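A closer look at the structure
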Amino acid sequence: MSEIQFHNTLSGRTEPFVPLVPSAVSIYTCGPTVYDFAHIGNFRTFVFQDVLRRYLKSRGFRVVQVMNLTDVDDRIIQKSAAAGVSIRDYTDKYIQAFLDDRRALNLEPPEHLARATEHIEDMVALIQRLTAKGFTYTSEGSTYFRISKFPAYGKLSKIDVAGMQAGARVDMDRYDKDNVRDFALWKAPKPGEHFWETAIGPGRPGWHIECSAMAMKYLGETLDIHSGGVDLTFPHHENEIAESEGATGKPFVRYWLHAEHLLVDHEKMSKSVGNFATLRELFSHGQKPSSVRFLLASVPYRRQLNFTPESLQGAAGSVDRLRTFVARLATGKFPAGASPAMAARAAKAREEFDESLSDDLNTAQALAAIFDLVRDVNIAIDRGEFLEGDAAPVMGVLESFDAIFAVLLDDDAEKLRALGFGKDSAGPSDAEIDALVAERQAARKRRDFAASDRIRDQLAAQGILLEDSRDGGVRWKRK
Ligand code: AMP
Ligand code: ZN
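The rules behind these values
- Residues numbered from 1 in each chain as written.
- Chains lettered and ligands numbered in written order.
- Predicted model: local features only at pLDDT ≥ 70, side-chain atom pairs only at ≥ 80, totals over all residues.
- Heavy atoms only, no water.
- Buried < 20%, exposed > 50% of the residue type's maximum accessible area, 1.4 Å probe, protein only.
- Helix = DSSP H or I, 4+ residues; strand = E, 2+ residues; numbered from the N terminus.
- Near = heavy atom within 4 Å.
- Polar contact = N/O pair within 3.5 Å; in protein donor to acceptor, adjacent residues only side chain to side chain.
- Pairing = 2+ DSSP bridges.
- Salt bridge = Lys/Arg side-chain N within 4 Å of Asp/Glu carboxyl O.
- Donors = N, O, S within 2.8 Å, 3.2 Å for Na, K, Ca; no water.
- Axes fitted to C-alpha atoms, helices over the stretch in contact; angles between N-to-C directions.
- Parallel < 35°, antiparallel > 145°, perpendicular 65-115°, else oblique.
- Contact = heavy atoms within 4.5 Å.
- Nonpolar A, V, L, I, M, F, W, Y, C, P; charged D, E, K, R; others polar.
- Domains from an automatic or database assignment.
- pLDDT = per-residue confidence, 0-100.
- Left-handed = near helix turned anticlockwise from the far one by under 90°.
- Core = buried A, V, L, I, M, F, W, Y, C linked by side-chain atoms within 4.5 Å.

With that out of the way, let us pick up helix α9 (residues 289-298). Counting buried positions along α9 gives 10 out of 10 residues, so the element sits mostly inside the fold. For α9, the complete set of buried residues consists of Pro 289, Ser 290, Ser 291, Val 292, Arg 293, Phe 294, Leu 295, Leu 296, Ala 297 and Ser 298.

Below, the structure written as structure tokens:
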């Protein structure tokens with residue numbers, strides 16, 4: 001297998017990936033600020049992080065991923081006050097929506113989902129550690145990080161610290177800090193605002209300290225990978241480095257991976273621009289979860305992704321093609337025997353697939369390897385040259401593909417119903433049941449019993465019973 005290479009923002013280079021502990025990888029991924037539904041730009045980054053963890057797992061690593069949920073910030077305080085509910089009740093709703101959206105996109109759950117408000121003590125302890133080392137000062141009840149005390153500041157984003165200082169000086173009197181570059185670790189409460197009573201005074205944490213404290217709590221003082229969208233490089237990640245390395249004196253993160261933005265009309269999708277779409281909006285227009293996942297995963301993470309309705313249609317077509325192909329392999333009747341040439345063809349596809357992903361997760365090239373294989377196998381089938389024993393090695397490649405891309409199981413209708421879209425009490429149509437039964441047959445054929453059981457359970461939950469007949473077929477009936 002090819003050596004894994006990742007582009008590291010810190011070094012500015014693509015480097016061989018070697019984790020600190022040989023068989024395990026620790027990953028910290030900046031999560032959403034839960035004041036609203038996440039948009040598909042956010043999900044571009046979250047899908048990339050899912051592809052990353054799935055790929056590392058497929059290479060045999062044990063992955064421990066932490067994702068934070070920023071459940072306190074200015075917007076949350078304002079919006080919950082406007083809605084007349086507590087911060088907790090306000091954010092619960094959007095956390096639940098985020099988890100539901102993740103499930104719809106087949107994003108594996110991180111090992112730790114950490115709410116900021118449940119880690120206030122850890123943040124306070126980290127601020128105290130920084131204070132003990134002389135990195136902080138207080139002003140009007142807030143605590144700030146003094147950047148001039150941390151000479152390495154700017155090493156991640158390569159920001160011109162001196163220029164930033166000079167250019168911003170005119171704004172100095174708008175701040176109650178010694179230098180505009182300094183950032184708040186702890187914010188004094190404004191009148192009427194929610195606050196925590198702590199050893200460093202009343203207030204609430206700054207955003208950056210949240211990630212430093214939670215990352216080190218769960219993953220130790222040096223992590224293998226830290227990732228987020230490119231907009232987080234400065235100041236968020238730069239500040240996380242200053243806080244963490246200031247406190248520990250050790251390297252905070254070995255590999256920084258940043259995803260490029262999802263764009264609309266060549267502009268970053270964002271809440272503030274207003275050019276955003278939530279997953280739910282797409283679903284309510286009849287788009288499928290698998291199309292969205294496929295589209296977001298198909299463009300390598302360091303390339304910008306310009307989102308258009310056509311690109312989503314293209315993704316839906318690609319997923320259909322792959323599902324039809326798997327069903328054809330599973331249900332087709334092929335002549336007995338096996339051809340060494342087809343086994344070699346499958347092995348070549350697998351090698352190309354792995355090589356592409358090992359090259360900084362080049363998903364576009366990995367997909368090309370899969371579609372080339374699909375084309376060649378379809379040609380062989382049409383010519384009557386594809387033999388019964390050829391199905392297993394080809395299915396094996398598709399299984400490796402699906403361990404990363406996770407789009408083959410045809411459960412879109414079910415997922416949409418779970419989110420409240422599509423038909424409800426009437427249950428699935430005959431055609432939908434037939435499709436799921438065929439999908440289950442395909443899963444059994446590739447010996448993916450977890451998937452086949454999932455489909456059977458899903459149908460059972462909707463009152464549809466399956467009977468496996470002796471000739472290998474399946475009959476279904478409604479209870
Ligand atoms: P936020 O909820 O704004 O803190 O963002 C959550 C994650 O989404 C962060 O990793 C951001 O960098 C990322 N993100 C925000 N907008 C986009 C976008 N248009 N494309 C890709 N990632 C984004
Ligand atoms: Zn963060």
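So, about the site of ligand 1. Neighbouring ligand 1 are 17 residues; Gly 41, Thr 45, Asp 231, Leu 262 and Met 269 lie closest to it. Between ligand 1 and Gly 41 there is a distance of 3.0 Å, counted from a nitrogen atom to a backbone nitrogen or oxygen. In this structure, Met 269 approaches ligand 1 through a main-chain N or O atom, which is 2.9 Å from a nitrogen atom. Of all elements in the fold, only α1 (40-58) and β11 (223-229) reach the threshold of two or more residues within the shell around ligand 1.

All right, on to the sheet that holds strand β14 (residues 267-268) then. Strand order in the open sheet made by the 3 strands is β14-β13-β15, with mixed pairing throughout. Looking at the sheet topology across the chains shown, the edges are occupied by β14 and β15 (305-306).

Time to look at the pattern of salt bridges. Scanning the entire structure with this criterion turns up 39 salt bridges. In this structure, Glu 221 engages Arg 129 in a salt bridge whose closest nitrogen and oxygen atoms are separated by 3.1 Å. Taken together, the positions of Glu 221 in the loop between α6 (207-219) and β11 and Arg 129 in helix α4 (residues 120-132) put the pair 92 residues apart, joining distant regions of the chain. A relative accessible area of 36% means that Arg 129 is categorised as partly exposed. Residues Arg 254 and Asp 224 are paired through a salt bridge, measuring 3.1 Å at the closest nitrogen-oxygen approach. Taken together, the residues span a long stretch of sequence, with Arg 254 in strand β12 (residues 253-259) and Asp 224 in strand β11 at a distance of 30 residues. By relative accessible area, which is 25% here, Arg 254 ends up partly exposed. On the accessibility criterion, Asp 224 (4% relative accessible area) is buried. The structure contains a network of salt bridges with shared partners spanning Asp 50, Arg 53, Arg 54, Lys 57, Glu 108, Glu 111 and Arg 293.

The next point concerns the coordination of the zinc ion (ligand 2). Those protein atoms acting as donors to the zinc ion (ligand 2) are Cys 30 (SG), Cys 211 (SG) and His 236 (NE2), and they sit at 2.0 to 2.2 Å. Spacing between the donor residues of the zinc ion (ligand 2) along their common chain follows C-x180-C-x24-H. In this pair, Cys 30 sits in the loop between β3 (24-29) and α1 while His 236 sits in helix α7 (residues 233-248), placing the two residues 206 residues apart along the sequence. Summarising the burial analysis for this pair, Cys 30 and His 236 share the class buried.

The next subject is the packing of α1 against α9. In contact at an axis separation of 9 Å, α1 and α9 are set at 75 degrees when each is read in the N-to-C sense. As the angle between them shows, α1 and α9 are arranged roughly perpendicular. Here α1 contributes Ile 40, Phe 43, Arg 44, Val 47, Asp 50, Val 51 and Arg 54 to the contact with α9, which in turn contributes Arg 293, Leu 296 and Ala 297. Across the contact of α1 with α9, the residue classes tally to 6 nonpolar, no polar and 4 charged.

Let us now look at the sheet that holds strand β9 (residues 196-198). On the basis of which strands lie adjacent, the open sheet formed by 5 strands has the order β6-β7-β8-β10-β9 and antiparallel pairing. Each of the sheet's edge strands pairs with one partner strand only, and the pair in question is β6 (136-139) and β9. For this sheet, the mean inter-axis angle between neighbouring strands, taken without regard to orientation, is 45 degrees. α4 rests against β6, β7 (142-145), β8 (183-187), β9 and β10 (201-205) of the sheet, and its axis sits at about 125 degrees to β8.

With respect to the secondary-structure elements, Arg 280 resides in helix α8 (residues 279-284). Other than its neighbours up to four places away in sequence, Arg 280 contacts Phe 37, Ala 97, Asp 100, Asp 101, Leu 419 and Phe 421.

Geometrically, the link from Phe 234 to Pro 235 is a cis peptide bond, its omega value of 0 degrees lying close to zero. Looking at where Pro 235 falls in the secondary structure, it is placed in helix α7. A positive phi angle, near 55 degrees, is found at Leu 361, a position not held by glycine. Along the chain, Leu 361 falls in the loop between α11 (340-358) and α12 (363-382). With phi around 50 degrees, Ala 406 is a residue other than glycine that occupies positive phi space. Looking at the secondary structure, you find Ala 406 in the loop between α13 (391-405) and α14 (412-418). Assessed through its relative accessible area of 9%, Ala 406 is described here as buried.

Moving on: the domain arrangement of the protein. As far as domains go, the protein holds domain 1 (18-259), domain 2 (279-412) and domain 3 (423-478). Each of domain 1 and domain 3 was reduced to a C-alpha centroid, and the two centroids are 44 Å apart.

Let us look at the confidence of the model for the protein. Averaged over all residues, the pLDDT of the protein is 92; the fraction at 70 or higher stands at 95%. A low-confidence stretch, residues 166-174 (pLDDT under 50), is modelled with 5 contacts involving residues beyond four sequence positions or located in other chains.

Right, let's get into the packing of α4 against α7. Axes are the key here: two packed helices are described by the angle between their axes and the distance separating the axes. Remark: α4 packs on α7, axes separated minimally by 9 Å, with the N-to-C direction vectors making an angle of 65 degrees. For the crossing formed where α4 meets α7, the hand is left-handed. When α4 is examined against α7, the residues Leu 126, Arg 129 and Leu 130 are found in contact with a partner set consisting of Glu 243, Gly 246, Ala 247 and Thr 248. Here the residues of the contact of α4 with α7 are counted per class, giving 3 nonpolar, 2 polar and 2 charged.

The next point concerns the nonpolar core. The tendency in soluble globular proteins is for nonpolar side chains to be buried side by side. Leu 56, Ile 225, Leu 329, Phe 386, Val 394, Leu 398 and Phe 401 are the most contacted members of the largest nonpolar core, which has 128 residues in total. Taken domain by domain, the makeup of this core includes at least three residues from each of domain 1 (18-259) and domain 2 (279-412). Non-local contacts of Phe 401, meaning those with residues more than four positions away in its chain, are made with Leu 322, Phe 353, Leu 367, Ile 370, Ala 406, Val 407 and Leu 408. In this structure, Leu 409, Ile 433, Leu 436 and Leu 459 belong to the second largest nonpolar core, which totals 8 residues.

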